[in-house]
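Structure at a glance
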Amino acid sequence: LGRVVKLTAKSTRPVDERIDRAARKRLYAVALNAGREAMNARKYEDATTAFRRARDAALDAQSQTTATIALAGALAARKEFATALGEYQKLIEQRGDDVAPFDAARAGIAEILQLAGRDVYRDIERDAERLLAQGDGLAVFRRYPNSAAAEKGMFEAAMKSEDAAIFRMFLQHYPDSPRV
């Protein structure tokens, strides 16, 4: 399947485009399934390889998101926390406007922080602080939702805004905040 994809990917002939699409779809399904089986067998290196292959073969954003989340999970299982965080951050950058990928990435990051501690998130925290210093608290939340700066930024944005929806969003994401 991989060879078929390579052979047909650059073709402009309609027949080849259909073959390429069918091959990619099948390769995605096979690779995703192989990754899940490898995860269940605790073969995390094999799972990582399979999930990367699935992501590369994905035909749409939803499939790519599914494979990316699975890949980040496999990387975390291998204790490659920084790389897993990078995958989640890329997902937020690429699909952060869509609620489901944003929430999945945020939950994955939270899980890593719980397992590995906040030190692994240090560079991302610095980036969030720099962005917060520029005065756009909502942007901090959207780009770095698990950072300490995100809660502060979201609260500042809610206080500055006349839009009650921003304050409701703050309460939804930070119900235990001492700022409330």
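1. Some remarks on the nonpolar core
- One finds Tyr 28, Phe 51, Ile 109, Ile 112, Tyr 121, Val 140 and Met 154 to be the most contacted residues of the largest nonpolar core, which totals 47 residues.
- Here this core gets 7 residues from one element, more than from any other, and that element is helix 4 (residues 61-77).

2. Quick look at the environment of Arg 42
- Counting through the fold element by element, Arg 42 comes out in the loop between helix 2 (14-40) and helix 3 (44-57).
- When the C-alpha positions of Arg 42 and Ala 74 are compared, they lie 9.3 Å apart, and in sequence the two are 32 residues distant.

3. Here we look at the layout of surface pockets
- Its boundaries defined by the atoms lining it, the largest pocket holds a volume of some 220 Å³.
- Secondary structure elements with two or more residues in the lining of the largest pocket: helix 6 (99-116), helix 8 (137-143) and helix 10 (164-173).
- Here the lining of the largest pocket is composed, by residue class, of 4 nonpolar, 3 polar and 4 charged.

4. Considering the environment of Asp 119
- With respect to the helices and strands, the residue Asp 119 is situated in the loop between helix 6 and helix 7 (122-133).
- Within the structure, the side chain of Asp 119 is placed 2.5 Å from the side chain of Arg 122, a separation counted as a polar contact.

5. A few points about the pattern of salt bridges
- Applying the stated criterion across every chain yields a total of 8 salt bridges.
- Here Glu 87 ties to Arg 55 by a salt bridge, and the two come within 2.5 Å at their closest N and O atoms. Taken together, the residues span a long stretch of sequence, with Glu 87 in helix 5 (residues 81-95) and Arg 55 in helix 3 at a distance of 32 residues. Considered together, Glu 87 and Arg 55 belong to a single accessibility category, that of buried residues.
- As a salt-bridge pair, Asp 119 and Arg 122 come within 2.5 Å of each other at their nearest N and O atoms.
- With a relative accessible area of 41%, Arg 122 lands in the partly exposed category.
- Ionic contacts of the salt-bridge type, sharing partners, join the residues Arg 55, Glu 87 and Lys 90 into one network.

Rules used throughout
Residues numbered from 1 in each chain as written. Predicted model: local features only at pLDDT ≥ 70, side-chain atom pairs only at ≥ 80, totals over all residues. Heavy atoms only, no water. Core = buried A, V, L, I, M, F, W, Y, C linked by side-chain atoms within 4.5 Å. Buried < 20%, exposed > 50% of the residue type's maximum accessible area, 1.4 Å probe, protein only. Helix = DSSP H or I, 4+ residues; strand = E, 2+ residues; numbered from the N terminus. 1 Å grid on protein atoms, 1.4 Å probe; cavity = no way out; pocket = protein on both sides within 12 Å on 5 of 7 lines; lining within 4 Å. Points joined across faces, edges and corners; volume = space filled by probe spheres on them. Nonpolar A, V, L, I, M, F, W, Y, C, P; charged D, E, K, R; others polar. Polar contact = N/O pair within 3.5 Å; in protein donor to acceptor, adjacent residues only side chain to side chain. Salt bridge = Lys/Arg side-chain N within 4 Å of Asp/Glu carboxyl O.

By themselves these figures say nothing about function.
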